[in-house]
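Geometric and topological summary
The primary structure of each chain is shown beneath.
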Amino acid sequence: MTTPTPRVIVPSAAAKGEIFQVKTIISHEMETGLRHDDQGNVIPRKIINKFVCRYNETVVFSVDLHEAISANPFFEFSLRATESGRLDFVWEEDGGAVFALSHQLTVD
Amino acid sequence: MSLTRRDVLIAGSVGFAGVSLFSLQSARANDEALDLVEQLTGRTATVSDRLHLIMPTDFPTGYTVPMSLYIDSPMTEADHVRQMRVFAPRNPLIEVASFHFVPQRSLPRVSTRIRLARPQHVIAVVEMNDGNLLMTTTFVRVATDGCA
């Protein structure tokens, strides 16, 4: 399995109070734990189970993911531009691995 | 072809039967969904048209079915959405996702892609800040099992 690679599409500037769209995706198989290999053994579950978006350290959007989220989980959501600062995107995998990206946003 | 009184009556009764059968089916789906939500959350939800669950009615693959969800809410401190949960009752594991929003900071709308094992009514349940549960369902027919 390849290393999960996160990607985001976020504007780099927004007007104060403006609603802007965020698109996020991470390459990940989202192994459900329901499948079997050639020998009939269960392939253990390994999914991204949590996604969190922080805006200057404040959580503004989060998702608890279950097995029924498709491979390469994709989310599109909308935030309000309040002040300039950093957006942090964090994906947590079963077993504790964490994948993260951050993005600088200028608000005027 | 001329339209006789008989034709009109037949057409009318067939149409009426069709409509009532359809509403009966969706009413039954809502009842089942309400029961399921009560089992899962321990609380009673109400069917609401403030909640919009947008999915294709027919989709060729169950692996990546697009889903958009939004709620009419001002997202103020006094009136906002706490969380949205999505269930696929005919999947081997029925929980799909929970989305959490923050008043003034995020809008109660999200798009993603989900797996469906078979044709079914997908359920969205929203918990408002006053504790009320709102619910809606939409029927999606998938051609292949996305959970195998």
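Residues numbered from 1 in each chain as written. Chains lettered and ligands numbered in written order. Predicted model: local features only at pLDDT ≥ 70, side-chain atom pairs only at ≥ 80, totals over all residues.

As named in an unreviewed UniProt entry, chain B is Sulfur oxidation protein SoxY, taken from Mesorhizobium wenxiniae.

**Some remarks on the overall build of chain A**
Broken down by element type, chain A carries zero helices and eight strands. Shown N-terminal to C-terminal, the secondary structure of chain A runs as helices and strands in the order β-β-β-β-β-β-β-β. For chain A, the residues scored as buried account for 26% of the 108 residues in total. Counting contacts in chain A only where the partners sit at least 6 residues apart, residues at least 24 apart contribute 56% of the total. (Helix = DSSP H or I, 4+ residues; strand = E, 2+ residues; numbered from the N terminus. Buried ≥ 20, exposed ≤ 12 C-beta atoms within 10 Å, placed from the backbone. Contact = placed C-beta atoms within 7 Å.)

**Some thoughts on unusual backbone geometry**
Positive phi outside glycine occurs at A:Asn56, with the angle close to 50 degrees. By the element assignment, A:Asn56 lies in the loop between strand E4 (48-55) and strand E5 (58-65). Phi at B:Gln104 takes a positive value of approximately 70 degrees, unusual for a residue other than glycine. Locating B:Gln104 in the fold gives a position in the loop between strand E6 (95-101) and strand E7 (106-114).

**Here we look at the nonpolar core**
Within the largest apolar cluster, 50 residues are counted, with the highest numbers of intra-cluster contacts made by B:Val96, B:Ile114, B:Ile123, B:Ala124, B:Val126 and B:Met135. Per-element accounting of this core gives the leading share, five residues, to strand E8 (residues 120-128) of chain B. (Core = buried A, V, L, I, M, F, W, Y, C linked by C-beta atoms within 7 Å.)

**With respect to the interface of chain A and chain B**
The interface of chain A with chain B comprises 24 residues on the first partner and 26 residues on the second. The residue makeup of the side of chain A that touches chain B, split by class, is 15 nonpolar, five polar and four charged. (Nonpolar A, V, L, I, M, F, W, Y, C, P; charged D, E, K, R; others polar.)

**Some points on the sheet that holds strand E1 (residues 6-9) of chain A**
Strand order in the open sheet made by the six strands is E1(A)-E3(A)-E6(A)-E7(B)-E4(B)-E2(B), with antiparallel pairing throughout. Bordering the open sheet on either side are E1 of chain A together with strand E2 (51-54) of chain B, each of which pairs with just one other strand. Each strand axis lies, on average, 15 degrees off the axis of its neighbour in the sheet, ignoring direction. The pairing of strand E3 (residues 19-26) of chain A with strand E6 (residues 74-80) of chain A spans seven bridges and is antiparallel. By the bridge assignment, A:Lys23 is partnered in E6(A) with A:Glu76. (Pairing = 2+ DSSP bridges. Axes fitted to C-alpha atoms, helices over the stretch in contact; angles between N-to-C directions.)

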